[in-house]
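As a plain string of letters, each chain reads:
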Amino acid sequence: MTDSTTPGRHPDWLTPSAAALIAANALPLIAVLWMGWDVFPVVLLYWLENVVVGAFNVLRMVWARPDDIGRWIGKLFLIPFFVFHYGMFTAIHGVFVFALFGGPGYVESFFPTTAMVWQAMTEHGVVLLAGALVLSHGFSFAWNYLGRREYRRATLEALMHQPYNRVIVLHITIIAGGFVILSLGSPVMGLVLLVALKSTVDVKAHLKERRKFASGPVSR
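Residues numbered from 1 in each chain as written. Predicted model: local features only at pLDDT ≥ 70, side-chain atom pairs only at ≥ 80, totals over all residues. Heavy atoms only, no water.

(A) Helix H5 (residues 127-147), seen in detail. Along its 21 residues, H5 runs 28 Å from first to last C-alpha, staying within 8% of the 30 Å computed at 1.5 Å per residue. For H5, the complete set of buried residues consists of Leu-129, Ala-130, Ala-132, Leu-133, Ser-136, His-137, Ser-140, Phe-141, Asn-144 and Tyr-145. Immediately downstream of H5, the backbone of Arg-149 shows phi near 60°, a positive value. (Helix = DSSP H or I, 4+ residues; strand = E, 2+ residues; numbered from the N terminus. Expected span 1.5 Å × (residues − 1). Buried < 20%, exposed > 50% of the residue type's maximum accessible area, 1.4 Å probe, protein only.)

(B) Representation of the packing of aromatic side chains. Enumeration over the complete set of coordinates arrives at 12 aromatic pairs. Centre to centre, the rings of Tyr-86 and Tyr-164 are 5.5 Å apart; their planes meet at 75°, and the pair counts as edge-to-face. Residue Tyr-86 is found in helix H3 (residues 69-101), and its partner Tyr-164 is found in helix H6 (residues 156-183); the two are separated by 78 residues along the sequence. You'll find Tyr-86 and Tyr-164 in the same group, each marked buried. Where Phe-139 meets Trp-143, the ring centres are 5.6 Å apart and the plane angle is 20°; that geometry is what we call stacked. Taken together, the positions of Phe-139 and Trp-143, both in helix H5 and 4 residues apart, correspond to about one turn of that helix. Residue Phe-139 is classed as partly exposed on the basis of its relative accessible area, which comes to 32%. Since its relative accessible area comes to 39%, Trp-143 is described here as partly exposed. A network of ring pairs unites the aromatic residues Phe-56, Trp-63, Phe-141, Tyr-145 and Tyr-151 as a single cluster. In this structure, Lys-75 is placed above the aromatic ring of Trp-72, and the distance from its NZ or CZ to the ring centre is 3.7 Å. (Phe/Tyr/Trp six-rings, centres within 6.5 Å; stacked < 30°, edge-to-face > 60°. Lys NZ or Arg CZ within 6 Å of the ring centre and 35° of its normal.)

(C) Broad picture of the side chain of Arg-65. Within the secondary structure layout, Arg-65 lies in the loop between helix H2 (39-63) and H3. It turns out Arg-65 is buried and unbridged, and the closest side chain with the opposite charge, Asp-68, is 5.8 Å from it. Within polar-contact distance, the side chain of Arg-65 engages the backbone oxygen of Arg-153 at 3.1 Å. (Lys, Arg positive; Asp, Glu negative; His and termini not counted. Salt bridge = Lys/Arg side-chain N within 4 Å of Asp/Glu carboxyl O. Polar contact = N/O pair within 3.5 Å; in protein donor to acceptor, adjacent residues only side chain to side chain.)

(D) Molecular detail of unusual backbone geometry. A positive phi angle, close to 40°, is found at Arg-65, a residue other than glycine. Since its relative accessible area comes to 10%, Arg-65 is described here as buried. Backbone geometry places Arg-149, a non-glycine residue, at a positive phi of 60°. Along the polypeptide, Arg-149 turns up in the loop between H5 and H6. Here Arg-149 falls in the partly exposed class, since its relative accessible area comes to 45%.

(E) Molecular detail of the packing of helix H1 (residues 16-34) against H5. The geometry of H1 relative to H5 is characterised by a closest axis approach of 9 Å and an angle of 170° between their N-to-C directions. For the element pair H1 / H5, the angle class is roughly antiparallel. Facing H1, whose interface residues are Pro-16, Ser-17, Ala-20, Leu-21, Ala-24, Leu-27, Pro-28 and Ala-31, H5 presents Leu-129, Ala-132, Leu-133, Ser-136, Phe-139, Ser-140, Trp-143 and Asn-144. Of the residues contributing to the contact of H1 with H5, the split by class is 12 nonpolar, 4 polar and no charged. (Axes fitted to C-alpha atoms, helices over the stretch in contact; angles between N-to-C directions. Parallel < 35°, antiparallel > 145°, perpendicular 65-115°, else oblique. Contact = heavy atoms within 4.5 Å. Nonpolar A, V, L, I, M, F, W, Y, C, P; charged D, E, K, R; others polar.)

(F) View of the pattern of salt bridges. This structure, assessed with the given rule, holds 1 salt bridge. Across the pair Asp-68 and Arg-71 runs a salt bridge, and its minimum N-O distance is 3.0 Å. Judged by its relative accessible area of 21%, Arg-71 is partly exposed.

(G) Quick peek at the packing of H2 against helix H4 (residues 114-123). Relative to each other, H2 and H4 sit at 130°, their axes nearing to 10 Å. The angle between H2 and H4 falls in the class oblique. For the pair H2 and H4, the sense of crossing is left-handed. Facing Phe-40, Leu-44, Trp-47 and Leu-48 of H2, the residues of H4 in contact are Val-117, Ala-120 and Met-121. Its residues placed into classes, the contact of H2 with H4 shows 7 nonpolar, no polar and no charged. (Left-handed = near helix turned anticlockwise from the far one by under 90°.)

Purely geometric numbers; function is a separate question.
Have a look at this one:
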């Protein structure tokens, strides 16, 4: 199998899905430099991306090896379990995001409700950038998972764990980095470094997923 250094082949980070992800990750940088974002909308946007990742992972689980009838029985149990477990995982992360960075207006609500999240998105101008993240992950789903038939190599067991492998590092990076930046008064350079660090980790995780699916066994 060829790799990213094979003559005539573009490096992994120049693939269409990686390029779309890099472009989507550049948008918060633009918002920090030209729209005056502080730490809360940046961290809020990254938390919303976890929701997007989980939603597309459900679609991946639904379409994993669709010709294997036996796996559909497993999907009836594993998909609801994933939705509940990942949903609680994301909600608890959201508690920290709103409690640590949202300010006094969000302290009274323990779990982030849909209405509260939407209010924060509209107040801080996050809606369009969140939509861009949906498009980026949607493009990766269509291009890689469906177009390159990664679903023929995907297993329910791997898909159950895949989002956690990707977002746990980001959770630690974003919350720890965001807390330091908040304590320093949200300096622009600190926010730029946070965006750059998150983008680097995210793109590396994306490329690792692509290589994993490319080398897995193909279902028959």
